[in-house]
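# Coordinates in review
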Amino acid sequence: MKKEQKQHFLIVTLPVQSHVNPVLEFAERLLRTGAHVTLVTSVFGKRNAERRKLYDGLRIATFSDGNDDGNRTSDGDPLEYLSKFRKSGSKVLGEVYDKSRDERKQVTYLVYSLLLPWVAEVAREYHVPSALLWIQPALVFDVYYYYFRGYGDVIRDCENNPSWSLKLPNLQFTFKNCDLPSFLLPSTPLLYTFGTVMIEKHIEELEKEETPTILVNTFEALEVDALKAVERFTLIPVGPLLPLRTLEGRDPSDDRLSSTGDLRDEDYMKWLDSQEEFEVIYVSFGSISVLSGTQQEELARALIQTNRPFMWVIREKQKKGKEDEHKNNDEDELSCMEELKQLGKIVPWCSQVEVLSHPSVGCFVTHCGWNSTLESITAGVPMVAFPQWTDQMTNAKLVEDVWKIGVRVKKCEEEGLVKADEINRCLEAVMKSKEMTENAKNLMKLTVQAVKQGGSSYKNMKDFINNVN
């Protein structure tokens, strides 16, 4: 009797940490079923993946995208970079497909993440089914879809009318211009051109499929309306794609890795242990966002004004903003650094899941990247939303207006900054709000229900795997 072949999933992702992390969690769930999984990414993407413990059995196929050291500046042309990524990536996909066939581990499914619509074309070329793994909230997908399907002119006018607002089909939310992804704002021409081109291609590729598969890093109770807002597509929530040990209530400290991939003991946990319950303000802006030096000074002043303990992640390359990067090293520190160190703790890195899970943390000042937002929800920690770009504006809207688990900072239009007094206002509002804390704890419980055996995301993931031909 012929032995049945295991499923072999080929997963393609950009090397950015915010893409790599949910993709690895998705891969782990596939590996747990006994499937073969091969991750395809750049050399630097592999380095990002190896900064954390990888599930046994994961294969990684790499190629050079011209950015092996990870030092590509944001001044480059994103479309040119993605073109190079596609050229090298599609070649490696073909090589992996042929090798897998020769080894009798035939690729049976292709999964691709955000900004890689060309993978769907490769899948059709090899007669392999494919799925888009949407690593942002369902609501952001809805906004993009309707932008390209009838609402583009209305949305493009959002920055010309101070009282602009919009309701989209099948959604209860009213959008203001500050709620839209920055990819759709003409005032950010590089992002606007690059973002609209890639997202439109995603939608076009999906519409070529009779029954496209769109897996979303969210869960049903979190985005009930948004998951059903686009009638043309079925969005399947399989998230949150976070470490299973965290979602299952186990100690997340096993995931504690340094930026170089080495396990290391940090004294920040001992410092957190010494603090009172729900008293610490945790501040982090992710792996990409860089505040200007002036904005950091405003944030520093706000933290001092609160007179509360805080832990602030300032990456080495973030010690001064972009406008200050050519100044002498002697000028790198914030002007009030000594005062900050007396009140709180500044670290160049930490295990965010571990920190958010600590009982002393009562508030998270965040850029509202989707991974960070989900981590905060999973830990039951309310947020001060401090969005910077891409989907973060829409995520901040969800945090403040929809889930009511935080407040969003308001920028001073004259100076283009969020001033210290405004940040302090938001911090005090969150730290003193029993309602936001209670809402956050309730969402945390719904998260656990979604991923545990029999939960909505658990069943959706199981159905997806079982339906692969």
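Presented here is an overview of the structure given in this document. Since we're looking at a predicted model, the values are computed, not measured.

### Brief notes about the overall build of the protein chain
When its secondary structure is counted, the protein chain shows 16 helices and 15 strands. Each of the 469 residues in the protein chain was classed as buried or not, and the buried ones make up 57%. In the protein chain, of all internal contacts separated by at least 6 residues, the share reaching a separation of at least 24 is 68%. Element-wise, carbon and sulfur atoms account for 46% of the exposed surface of the protein chain, whose accessible area totals about 21,200 Å².

### Some details on the sheet that holds strand S12 (residues 345-347)
To summarise the sheet geometry, strands pair through backbone hydrogen bonds and adopt either a parallel or an antiparallel arrangement. In spatial order, the strands read S12-S11-S10-S13-S14-S15; together these 6 strands make up an open sheet with parallel pairing. Both outer strands of the open sheet, S12 and strand S15 (406-408), are each paired with one neighbouring strand and no more. Between one strand and the next, the sheet's axes are offset by a mean angle of 15 degrees, whatever the strand orientation. Two strands pair when backbone bridges link them, and strand S13 (residues 361-366) and strand S14 (residues 383-385) are joined in this way by 3 bridges, in the parallel orientation. When the bridges of S14 are listed, Phe364 appears paired with Met383. The sheet contacts of helix H9 (residues 293-306) involve strand S10 (280-284) and strand S11 (310-313), and relative to S11 the element is tilted by about 165 degrees.

### Side note on unusual backbone geometry
In the segment running from Gly239 into Pro240, the intervening peptide bond is cis, with an omega of 0 degrees. Topologically, Pro240 is positioned in the loop between strand S9 (235-237) and helix H7 (244-247). Even without glycine at this site, Thr390 takes up a positive phi of about 45 degrees. As for its placement among the helices and strands, Thr390 is situated in the loop between S14 and helix H13 (392-402).

### Points about the environment of Tyr126
By the secondary structure assignment, Tyr126 is in the loop between helix H4 (118-125) and strand S5 (130-134). With 29 residues separating them along the chain, Tyr126 and Tyr97 place their C-alpha atoms 8.5 Å apart. Excluding anything up to four places from it in sequence, Tyr126 contacts Gly94 and Tyr97.

### Quick word on the side chain of Glu28
Note that Glu28 resides in helix H1 (residues 17-31). Taking relative accessible area as the criterion, Glu28 reaches 11% and is therefore assigned buried. Excluding residues within four positions of it along the chain, Glu28 makes contact with Arg52, Tyr55 and Leu244.

### Brief notes about the nonpolar core
Within soluble globular proteins, side chains that are nonpolar generally end up buried alongside one another. Grouped together as the largest cluster of nonpolar side chains are 125 residues, with contacts concentrated most on Phe26, Trp134 and Phe464. A per-element tally of this core places helix H5 (residues 138-156) first, with 11 residues. If we ignore the near neighbours within four places in the chain, the residues touching Phe26 are Ile11, Val111, Leu133, Leu215, Leu241, Met461 and Phe464. Formed by 29 residues, the second largest nonpolar core is a distinct cluster that contains Leu334, Cys363, Val384 and Ala420.

### Details of the layout of surface pockets
Rolled over the atoms, a probe as big as a water molecule pinpoints where empty space is left. For the second largest pocket, the calculated volume is near 420 Å³. Taken together, 18 residues form the lining of the second largest pocket, with Arg29, Leu244, Val451, Tyr458 and Met461 sitting closest to its centre. Secondary structure elements with two or more residues in the lining of the second largest pocket: H7, helix H15 (434-451) and helix H16 (456-466). The element best represented in the lining of the second largest pocket is H16, accounting for 6 residues. For the lining of the second largest pocket, the residue count by class is 8 nonpolar, 5 polar and 5 charged.

### Things to note about the sheet that holds strand S3 (residues 59-63)
Pairing within the open sheet is parallel, and its 7 strands lie in the order S3-S2-S1-S4-S5-S8-S9. The open sheet has two free edges, formed respectively by S3 and S9, since each of these has just one partner strand. The mean inter-strand angle of the sheet, taken between neighbouring strand axes irrespective of direction, is 25 degrees. In terms of strand pairing, S5 meets strand S8 (residues 213-216) through 4 bridges, oriented parallel. Each bridged residue has a counterpart across the sheet, and for Trp134 the counterpart in S8 is Val216. Sheet contacts for H16: strand S1 (8-12), strand S4 (109-112), S5, S8 and S9; angle to S9, the most-contacted strand, approximately 120 degrees.

### Comments concerning empty space enclosed by the protein
Within the structure shown, the criterion is met by 3 cavities of 30 Å³ or more. The space that makes up the largest cavity amounts to roughly 50 Å³. Taken as a whole, the second largest cavity spans an internal volume of roughly 40 Å³. In terms of lining, the second largest cavity is formed by Leu10, Leu93, Tyr97, Val107, Leu110, Val122, Tyr126 and Val128.

Rules and cut-offs
Residues numbered from 1 in each chain as written. Predicted model: local features only at pLDDT ≥ 70, side-chain atom pairs only at ≥ 80, totals over all residues. Heavy atoms only, no water. Helix = DSSP H or I, 4+ residues; strand = E, 2+ residues; numbered from the N terminus. Buried < 20%, exposed > 50% of the residue type's maximum accessible area, 1.4 Å probe, protein only. Contact = heavy atoms within 4.5 Å. Areas by Shrake-Rupley, 256 points an atom, 1.4 Å probe, with all protein chains shown as cover. Pairing = 2+ DSSP bridges. Axes fitted to C-alpha atoms, helices over the stretch in contact; angles between N-to-C directions. Core = buried A, V, L, I, M, F, W, Y, C linked by side-chain atoms within 4.5 Å. 1 Å grid on protein atoms, 1.4 Å probe; cavity = no way out; pocket = protein on both sides within 12 Å on 5 of 7 lines; lining within 4 Å. Points joined across faces, edges and corners; volume = space filled by probe spheres on them. Nonpolar A, V, L, I, M, F, W, Y, C, P; charged D, E, K, R; others polar.

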